[in-house]
Amino acid sequence: DEIEAVAAAICDAETTVAMSGAGVSTASGIPDFRGDDGLWERHDPMDFHIDRFRADPAGFWEDRVDLQAAIFEDESIGPNGAHDALADLEAAGQLDTLITQNIDGLHQEAGSENVVEIHGSAARVACRDCGRRFDADPVIERARDGELPPTCKECGGTLKPDTVLFGEQLPDHALMQSQSAAQDADLFLAVGSSLTVEPAASLPLVANERGATLVLANLESTPASGYADFDFRADVTDVLPRIRDRLVA
Ligand code: OAD
Ligand code: ZN
């Protein structure tokens, strides 16, 4: 069957690269953006725009504090079977690089090590002036205690969550790493992403143009579906563990 064929292709591939999107974390209770019940049903995408941060950093931080309680401090939220399967594939030497558009840290929590966070991480904040990065937790505590927006202890600049907002560039290093991983891939697995946000959306096509086998797993079709060698319209918490089970003892 198709699962068996994908497992065989991963086994044959010298370099396998995966890219995940928000659909990998929905089963953990974190909403995606564009799926059913996605964030865009309730939020204006402009709430996640750098112009909104610039205009109202205090309001932006108030929302970030609310998100902390809703997601990052919710003990019941953790990695699901899709995260686990990707971590197991890496541990077994069957997955070289995991590019993620997610900021939730659940891949690392599941044990994935070579993770490229192209949209940044909710676990860090960055100073708008000096560029220094800090752990998010103590800064979120300060915001919760009324320091809005929280400022850099080194230079007094405004701190911003170290996640990529609309209107912002991707971090150079992560972007370069993801592009070179896509170029080097013999097999590229894009999972749980609508593949609608550039430049991430182009990575599967970059890989495919270089001859990589392209495997998609997403509930809906994506703009890359026409190029895919395998196109699973299915739940990633079903597909990924089944692929893993064929490859990992
Ligand atoms: P999207 O919300 O655009 O796409 C998630 C996709 O996952 C949708 O097509 C869902 O149908 C699908 N999906 C949801 N649950 C699934 C499941 N259990 N199994 C399989 N598929 C499932 O999220 P992304 O593609 O990650 O960027 O969005 C890309 C970027 O848009 C995000 O990183 C974020 C946002 O703007 C920034 O914040 C910079
Ligand atoms: Zn600073």
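Undergrad: So what's going on with helix 7 (residues 172-184)? Residues and values would help.
TA: Taking 1.5 Å per residue, 13 residues should reach 18 Å; helix 7 reaches 18 Å between its end C-alpha atoms and fits that length. When we look at burial in helix 7, the residues that qualify are A174, S178, A181 and A182. Here the buried residues of helix 7 occupy an arc of 100 degrees about the axis, which is enough to place them on one side. Relative to its buried face, helix 7 has exposed residues pointing more than 90 degrees away, namely D172, H173, M176 and D184.

Undergrad: Quick one: what's the story with the packing of helix 3 (residues 57-72) against helix 6 (residues 136-144), residue by residue and with numbers?
TA: Two packed helices can be described by the angle between their axes and the distance between those axes. Across the interface, helix 3 lies against helix 6 with an axial gap of 10 Å and an inter-helix angle of 115 degrees. Of the two possible hands of crossing, helix 3 and helix 6 adopt the one that is left-handed. Along its contact with helix 3, which presents W61, R64, V65, Q68 and A69, the element helix 6 presents D137, V139, I140, A143 and R144. Taken together, the residues that form the contact of helix 3 with helix 6 break down as six nonpolar, one polar and three charged.

Undergrad: Summarise the coordination of the zinc ion (ligand 2); cite the residues concerned and give the values.
TA: For the zinc ion (ligand 2), the full set of protein donor atoms is C127 (SG), C130 (SG), C152 (SG) and C155 (SG), and the range of their distances to it is 2.2 to 2.4 Å. Viewed at the metal, the four donor atoms of the zinc ion (ligand 2) are separated by angles of 98 to 118 degrees, and the geometry they form is tetrahedral. Sequence spacing among the residues donating to the zinc ion (ligand 2) works out to C-x2-C-x21-C-x2-C. Placement of C130 in the loop between strand 4 (120-127) and strand 5 (133-135) and of C152 in the loop between helix 6 and strand 6 (159-163) is noted, with a sequence separation of 22 residues between them. With relative accessibility at 4%, the residue C152 sits in the buried group.

What counts, and where the lines are drawn
Residues numbered from 1 in each chain as written. Chains lettered and ligands numbered in written order. Predicted model: local features only at pLDDT ≥ 70, side-chain atom pairs only at ≥ 80, totals over all residues. Heavy atoms only, no water. Helix = DSSP H or I, 4+ residues; strand = E, 2+ residues; numbered from the N terminus. Expected span 1.5 Å × (residues − 1). Buried < 20%, exposed > 50% of the residue type's maximum accessible area, 1.4 Å probe, protein only. Arc of directions from axis to C-beta. Axes fitted to C-alpha atoms, helices over the stretch in contact; angles between N-to-C directions. Left-handed = near helix turned anticlockwise from the far one by under 90°. Contact = heavy atoms within 4.5 Å. Nonpolar A, V, L, I, M, F, W, Y, C, P; charged D, E, K, R; others polar. Donors = N, O, S within 2.8 Å, 3.2 Å for Na, K, Ca; no water. Tetrahedral: all angles 85-135°; square planar, octahedral: opposite > 155°, others 65-115°.

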